[in-house]
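# Breakdown of the fold
Below are the chains, spelled out letter by letter.
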Amino acid sequence: MRPFVYNALPGRVVFGNGTLSKLPEEVKRIGCSKALVLTTPQQTKEGENARALLGDLAVGVSNSATMHTPVDVTEKAVELATKLGADCLVAIGGGSTTGLAKAIALRTDLPQIVVPTTYAGSETTPIIGQTESGYKTTQKSLKVLPEVIIYDVSLTLTLPPKLVVTSGINAIAHAVEALYSQDSNPMIDNLAEQGISKIARSLPTIVSSPDDLEARSDALFGAWACGTCLGAVGMALHHKLCHTLGGSFDLPHSETHTVVLPHAMAYNAPYASEAMNTIARALGVDKAGKSAALGIFELIQSLGGPLSLKELGMREEDLDRAADIAAGSPYPNPAPLEREKLRKLLGDAWAGKRPE
Ligand code: NAD
């Protein structure tokens, strides 16, 4: 018998190709008629398309979303939403755009419809990270959980292969840590295995044939599955390390996840053998007798993804401070958190060493 506790989160998911066309009926379905569309400067065209599609159901577009959800950007967007009398938010973009919608929802309780265009998975979680005066803090609140997610595969066709790889590995990281989470449960285990398998098998096809709609669809489905794992159970060492490296050393989000994941897995492997077997099976490396950590490392390598913190711009002299921060505040993790071992992990990730 395996006893467990599972907290299901509310939310409506509309998945398909061309599903953005359902945006007006989804806005009406939640009883709204004055949507503020959010996006980044880079995706202004997508934001304007959504506004045109909504017609009279839209009151404006803000393309102010940016990395790390800075509080000053959020405050300006809240002012705009209030001035325009917005009664809901429509976010089109990656985790940064979803972050802006969540930050506005936290302050106003406006309902959110999120249209994700990367595999980051923020749309499925009640978690929000915000930055003020250089500090990133994270909190959990059902207020920030989007009411509706519209996954439209066609909107991911423009995601460049480089970002496909790092964003895909970012998603896999959620499922990996869900499998050895202290809150793990059979429902989320199944989603995690399915998510890893879908993403790991679709990334090579997307990189070689970027217009392959079936592979793009599998990757987006996998992102939803992995994101659901992130929203449902607590994460561990890998996410804490990436949070430290992103927050204190300004390293880029999905690239950092990509470099760190094989090393965090190797660190935890002796204490999480069942999870590692599941991951190896999902990656299809179990029959070759390879470890799950090596399977991920070789997948990233074969796709031309980043393998070292050095290539992301981290300085070697910052590794000690990163190890101090990572070992400083305790959190649940399968393997004990020991400062010297964490320093070695970071050193290996910095150099891009092949995990054993
Ligand atoms: P991002 O949202 O910053 O996107 C990166 C860039 O790619 C942006 O310029 C964006 O406009 C562009 N882009 C996005 N989709 C595109 C597409 N289909 N075609 C072309 N360009 C596209 O990056 P991300 O990795 O999606 O999100 C990272 C952020 O999300 C981080 O701040 C992270 O902390 C946050 N996040 C939060 C949670 C959570 O649960 N709160 C979960 C995951 C990530």
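Counting of residues starts from 1 at the beginning of each chain's written sequence and follows it residue by residue. It should be noted that, the model being predicted, local features are given only for residues of pLDDT at least 70 and side-chain atom pairs only at 80 or more, the latter also being counted only at that level, while totals for whole chains, interfaces and linings use all residues. To obtain the side-chain values, all non-hydrogen atoms of the structure were included, while hydrogens and water were left out.

### What to know about the site of the ligand
By nearness alone, 22 residues border the ligand, and Thr40, Ser96, Thr117, Thr118 and Thr125 come closest of all. Any pair of nitrogen or oxygen atoms within 3.5 Å is treated as a polar contact; in protein, a donor-acceptor pairing is required on top of that, and neighbouring residues in sequence qualify only through side-chain atoms on both sides. Between the ligand and the protein, one listed contact pairs an oxygen atom with a side-chain N or O atom of Thr118 at 2.6 Å. In the model, an oxygen atom of the ligand is placed 2.6 Å from a nitrogen or oxygen of the Thr125 side chain. Every accessible area reported is derived by Shrake-Rupley at a probe size of 1.4 Å, with residue values counting cover from the shown protein chains alone. Relative to its unbound accessible area of 870 Å², the ligand is 84% covered by the protein chains. Each helix is a run of H or I in the DSSP string that is no shorter than four residues. Each strand is a run of E no shorter than two, and both are numbered from the N terminus. Element by element, the count of residues in the shell around the ligand is highest for helix 4 (residues 95–108), at three residues. Polar here means any residue other than Ala, Val, Leu, Ile, Met, Phe, Trp, Tyr, Cys and Pro, which are nonpolar, and Asp, Glu, Lys and Arg, which are charged; Gly is therefore polar. For the shell around the ligand, the per-class residue count stands at seven nonpolar, 13 polar and two charged. Here a residue is near a molecule or strand as soon as one of its heavy atoms is found within 4 Å of it.

### Looking at a nonpolar patch on the surface
Exposure above 30% relative accessible area and the lack of any salt bridge qualify a residue for a patch; like charges then connect within 9 Å, and the nonpolar side chains Val, Leu, Ile, Met, Phe, Trp and Tyr within 5 Å. What makes a salt bridge here is a side-chain nitrogen of Lys or Arg within 4 Å of a carboxyl oxygen of Asp or Glu, nothing more. On the surface, a nonpolar cluster with roughly 290 Å² of combined accessible area is contributed by Phe4, Tyr6 and Met187. Within the secondary structure, Met187 is located in helix 6 (residues 186–208).

### Regarding the UniProt feature "domain: Fe-containing alcohol dehydrogenase-like C-terminal" (unreviewed entry) in the protein
UniProt positions are given in the numbering used here, feature names are shortened, and annotations may be inferred rather than shown by experiment. Mapped onto this structure's residue numbering, the UniProt feature "domain: Fe-containing alcohol dehydrogenase-like C-terminal" (unreviewed entry) falls at residues 165–349. Counted over residues 165–349, helix gives 70% and strand 0%. Its end C-alpha atoms are 18 Å apart.

### Observations regarding the UniProt feature "domain: Alcohol dehydrogenase iron-type/glycerol dehydrogenase GldA" (unreviewed entry) in the protein
Here the UniProt-annotated "domain: Alcohol dehydrogenase iron-type/glycerol dehydrogenase GldA" (unreviewed entry) positions come out as residues 10–152. A distance of 20 Å separates the end C-alpha atoms of residues 10–152, which is 32% helix and 29% strand.

### Remarks on the packing of aromatic side chains
The pairing test for Phe, Tyr and Trp rings, Trp by its six-membered ring, is centres within 6.5 Å, and the orientation test on the planes gives stacked under 30 degrees, edge-to-face over 60, and tilted for anything in between. Enumeration according to the criterion identifies three aromatic pairs in this entry. Taking 5.8 Å as the distance between ring centres and 45° as the angle between the ring planes, the aromatic pair formed by Phe15 and Tyr151 counts as tilted. Of this pair, Phe15 sits in strand 1 (residues 12–16) while Tyr151 is found in strand 8 (residues 148–152), placing the two residues 136 residues apart along the sequence. With a relative accessible area of 33%, Phe15 lands in the partly exposed category. Each ring, one from Phe221 and one from Trp224, has its centre 5.7 Å from the other, and the planes form 50°; the classification is tilted. In this pair, Phe221 and Trp224 both sit in helix 7 (residues 213–232), three residues apart, roughly one turn of the helix. A residue is classified by how much of its surface remains accessible, and Phe221, at 21% relative accessible area, is partly exposed. Trp224 sits in the partly exposed class, given a relative accessible area of 23%. Classification of residues uses two cut-offs on accessible area relative to the type maximum, computed with a 1.4 Å probe and protein chains only: under 20% is buried, over 50% is exposed, and between them is partly exposed.

### A look at unusual backbone geometry
The backbone of Asp109 sits at a positive phi, close to 65°, despite the residue not being glycine. Looking at the secondary structure, you find Asp109 in the loop between helix 4 and strand 5 (112–116). With a relative accessible area of 48%, Asp109 lands in the partly exposed category. Its identity is not glycine, yet Asp250 carries a phi of approximately 55°, on the positive side. On the secondary structure map, Asp250 appears in the loop between helix 8 (237–249) and helix 9 (253–268). A residue is classified by how much of its surface remains accessible, and Asp250, at 59% relative accessible area, is exposed.

### Considering the confidence of the model for the protein
Per residue, pLDDT captures the predictor's confidence, and it can take any value from 0 to 100. Averaged over every residue, the pLDDT of the protein is 97; residues scoring 70 or more account for 100%. With a pTM of 0.98, the predicted complex shows an ipTM of 0.99.

### Some details on the sheet that holds strand 8
Strand pairing follows a simple DSSP-based rule, namely that at least 2 bridges must link the two strands. The six strands lie next to each other as 1-8-5-4-2-3, forming an open sheet whose pairing is parallel. Pairing within the sheet leaves two strands with one partner each, and these edge strands are strand 1 and strand 3 (58–62). Here the strands of the sheet are splayed against their neighbours by 15° on average, with no regard to which way each runs. It only takes one pair of heavy atoms within 4.5 Å for two residues to be counted as in contact. All axes are obtained by fitting lines to C-alpha atoms, using only the stretch in contact for helices, and the reported angles, taken between N-to-C directions, cover 0 to 180 degrees. This element, helix 2 (residues 44–54), spans strand 2 (35–38), strand 3 and strand 4 (88–93) of the sheet and lies at about 180° to strand 3. Lying on the sheet, helix 7 is in contact with strand 1 and strand 8; it crosses strand 1 at an angle near 165°.

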